[in-house]
Amino acid sequence: MDTTLKEIDGKYVATLEGEMDTAAAVEVEEVLKPLYDTSGKDVIIECEKLEYIASSGLRILLGILKAAKASGSKVTLRGVNKEIKNVFTLTGFINLFEFE
């Protein structure tokens, strides 16, 4: 799993590549830890190369969403493939996140 976090044009942009299984989730959460305090900056999570997401990965994204909303920020998931979107649909998370 490869995870990067950058600040671009006043927004946080996180890129997720590979399989976010339970083992990878610990590393992903460490990289994305700054997103728990967005200070009002919007968050874009690039998922174009995300191949799999486990419940632990969903938990991380939900934590980021809750923290962002509390500070007035918006979280957008970009480039989510059909399989990952199906996971969001089955878990009900599809209604919580914005998708591009």
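Structure: see above.
Heads up: these notes are all about the structure in this document. This one's a predicted model, so the numbers in the text were calculated from it and none came from an experiment. (Residues numbered from 1 in each chain as written. Predicted model: local features only at pLDDT ≥ 70, side-chain atom pairs only at ≥ 80, totals over all residues. Heavy atoms only, no water.)

**Remarks on the overall build of the protein chain**
To keep things clear, this is the line we draw: Helical segments are the DSSP runs of H or I of at least four residues, strand segments are the runs of E of at least two, and each set is numbered from the N terminus. We take the radius of gyration over the C-alpha atoms and set the globule estimate at 2.2 Å times the residue count to the 0.38 power. Each residue's exposure class comes from its accessible area (1.4 Å probe, protein chains only) as a fraction of the maximum for that residue type: buried when under 20%, exposed when over 50%, partly exposed otherwise. Note on contacts: a residue pair qualifies if any of its non-hydrogen atoms lie within 4.5 Å across the two residues. The accessible surface values rely on the Shrake-Rupley method and a 1.4 Å probe; as for residues, cover is taken only from the protein chains in view.
The helix and strand inventory of the protein chain stands at 3 helices and 5 strands. Secondary structure elements of the protein chain, listed N to C terminal, follow the sequence β-β-α-β-α-β-α-β. Relative to its length of 100 residues, the protein chain is compact, with a C-alpha radius of gyration of 12 Å against a globular reference of 13 Å. Of all 100 residues assigned to the protein chain, the portion counted as buried reaches 39%. In the protein chain, once contacts between residues fewer than 6 apart in sequence are set aside, the share between residues at least 24 apart is 69%. Carbon and sulfur atoms provide 49% of the accessible area of the protein chain, an area that totals close to 5500 Å².

**Focus on the side chain of Ser73**
To be explicit about the condition: Two N or O atoms form a polar contact when they lie within 3.5 Å of each other; inside protein one atom must be a possible hydrogen donor and the other a possible acceptor, and for residues adjacent in sequence the pair counts only when both atoms belong to side chains.
Relative to the helices and strands, Ser73 resides in the loop between α2 (55-70) and β4 (75-78). Engagement of the side chain of Ser73 in a polar contact is seen with the backbone oxygen of Lys41, the distance being 2.8 Å. Not counting residues up to four positions away in its chain, the partners in contact with Ser73 are Thr38, Gly40, Lys41, Asp42 and Ala68.

**As for the packing of aromatic side chains**
Stated formally: Classification of ring pairs uses Phe, Tyr and Trp, with its six-membered ring standing for Trp, and accepts pairs whose centres are within 6.5 Å; under 30 degrees between planes counts as stacked, over 60 as edge-to-face, and the remaining range as tilted.
Overall, the coordinates contain 4 aromatic pairs when judged by the stated rule. Geometrically, the ring pair formed by Phe88 and Phe97 is edge-to-face, given 5.6 Å between the ring centres and 85° between the ring planes. The same class applies to Phe88 as to Phe97, namely buried. Look at Phe93 and Phe97: their rings are 6.4 Å apart centre to centre, the planes differ by 25°, and that puts the pair in the stacked class. Residue Phe93 shares its accessibility class with Phe97, and that shared class is buried.

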